[in-house]
Amino acid sequence: MTRLFAFALLILLFGQGIVLAERPPRPFKISFEQDGKKVATRLRLRLNHQGKIIEINYRPGKPVHFPTLEPREEFDLWIISEKYTLPFLKKPGTMLGAAGGRVGIDARPFDLKEYLELTLLPAKVKLVYYIMYVHPDGPETPIWFESSKLLEDFRNQTAP
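K.L.:
Let's hear about the overall build of the protein chain: which residues, and what values?
P.N.:
The helix and strand tally for the protein chain stands at 1 helix and 10 strands. Along the protein chain, helices (α) and strands (β) appear in the sequence α-β-β-β-β-β-β-β-β-β-β when read from the amino end. A burial count over the protein chain gives 38% of its 160 residues as buried. In the protein chain, 53% of the contacts between residues at least 6 apart in sequence involve partners at least 24 apart.

K.L.:
Describe the pattern of salt bridges, with residues and values.
P.N.:
A complete count under the given rule lists 4 salt bridges for this structure. Between Arg102 and Glu140 there is a salt bridge; the shortest N-O distance is 3.0 Å. A residue pair is termed long-range when its members are at least 10 positions apart, and Arg102 in strand 8 (residues 100–107) and Glu140 in strand 10 (residues 140–147) qualify at 38 residues. A cluster of three or more residues bridged by salt bridges with shared partners is formed by Glu33, Arg102 and Glu140.

K.L.:
Summarise the packing of aromatic side chains; cite the residues concerned and give the values.
P.N.:
Geometrically, a pair of aromatic rings is defined through the distance of the ring centres and the angle of the planes. Applying the stated criterion across every chain yields a total of 5 aromatic pairs. Centroid distance Phe28 to Phe66: 5.0 Å. Interplanar angle 75°. Geometry classified as edge-to-face. Within this pair, whereas Phe28 is found in strand 1 (residues 27–34), its partner Phe66 is found in the loop between strand 5 (64–65) and strand 6 (74–80), the two being separated by 38 residues in sequence. Aromatic side chains Phe88 and Tyr129 sit 5.3 Å apart centroid to centroid with 75° between the ring planes, which places their arrangement in the edge-to-face category. With Phe88 in strand 7 (residues 85–92) and Tyr129 in strand 9 (residues 127–134), the pair connects residues that are 41 residues apart, well separated along the chain. According to the relative accessible area criterion, Phe88 is buried, its value standing at 2%. Exposure remark for Tyr129: the relative accessible area of 7% places this residue in the buried category.

K.L.:
Provide a residue-level description of the nonpolar core, including the pertinent values.
P.N.:
One recurring pattern in soluble globular proteins is that nonpolar side chains are buried together. Formed by 30 residues in total, the largest nonpolar core has its most connected members in Leu45, Phe66 and Leu86. Taken together, the elements giving at least two residues each to this core come down to strand 1, strand 3 (43–49), strand 4 (52–58), strand 6, strand 7, strand 8 and strand 9. With 4 residues, strand 9 is the single largest residue contributor to this core.

K.L.:
Run through the side chain of Thr41, naming residues and quoting values.
P.N.:
Tracing the chain through its elements places Thr41 in the loop between strand 2 (37–39) and strand 3. Owing to a relative accessible area of 6%, Thr41 belongs among the buried residues under this scheme. Apart from residues lying up to four places away in sequence, Thr41 is in contact with Phe32, Tyr58, Pro60, Ser81 and Glu82.

K.L.:
Break down the environment of Gly101 for me, citing the residues and quoting the values.
P.N.:
Within the secondary structure, Gly101 is located in strand 8. Residues Gly101 and Tyr133, 32 residues apart in the sequence, show an inter-C-alpha distance of 4.4 Å. Ignoring sequence-local partners within four residues, the contact set of Gly101 consists of Phe28, Lys29, Ile30, Ser31, Met132, Tyr133 and Val134.

So, how was this worked out
Residues numbered from 1 in each chain as written. Predicted model: local features only at pLDDT ≥ 70, side-chain atom pairs only at ≥ 80, totals over all residues. Heavy atoms only, no water. Helix = DSSP H or I, 4+ residues; strand = E, 2+ residues; numbered from the N terminus. Buried < 20%, exposed > 50% of the residue type's maximum accessible area, 1.4 Å probe, protein only. Contact = heavy atoms within 4.5 Å. Salt bridge = Lys/Arg side-chain N within 4 Å of Asp/Glu carboxyl O. Phe/Tyr/Trp six-rings, centres within 6.5 Å; stacked < 30°, edge-to-face > 60°. Core = buried A, V, L, I, M, F, W, Y, C linked by side-chain atoms within 4.5 Å.

What follows is the structure in structure tokens.
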């Protein structure tokens, strides 16, 4: 009887493991901002993971689903709006576990002073582009890149 119980428990746990392994990735909600204001635009997200390009289309208000990566695995992400291509390179897999993100681009004069210490940026910085990762429990983690390029230099770039 004990062996039968142990066998049934093992089958149950194994079945749960299969269900957990097949669980779809968490939906990731995205909004796009330009100069501190939300802009409703279609986005394409191009993710490069281990040399494989995965393209994900985004429509405003609809979540996207990223593949599940191991926390230490790195990926490159290009967020392509109707006008701009924003590269986020060599990011850890843990970032795809966030609940969502606010993606944007901000040119001088900067509008995001409440999030970033933009007053300390040198005059050669013409714009910042960023992603604010929104964690499931609420807080945000900002990641931004400073660029001496003008906004026009981000138009029509090609991502792999």
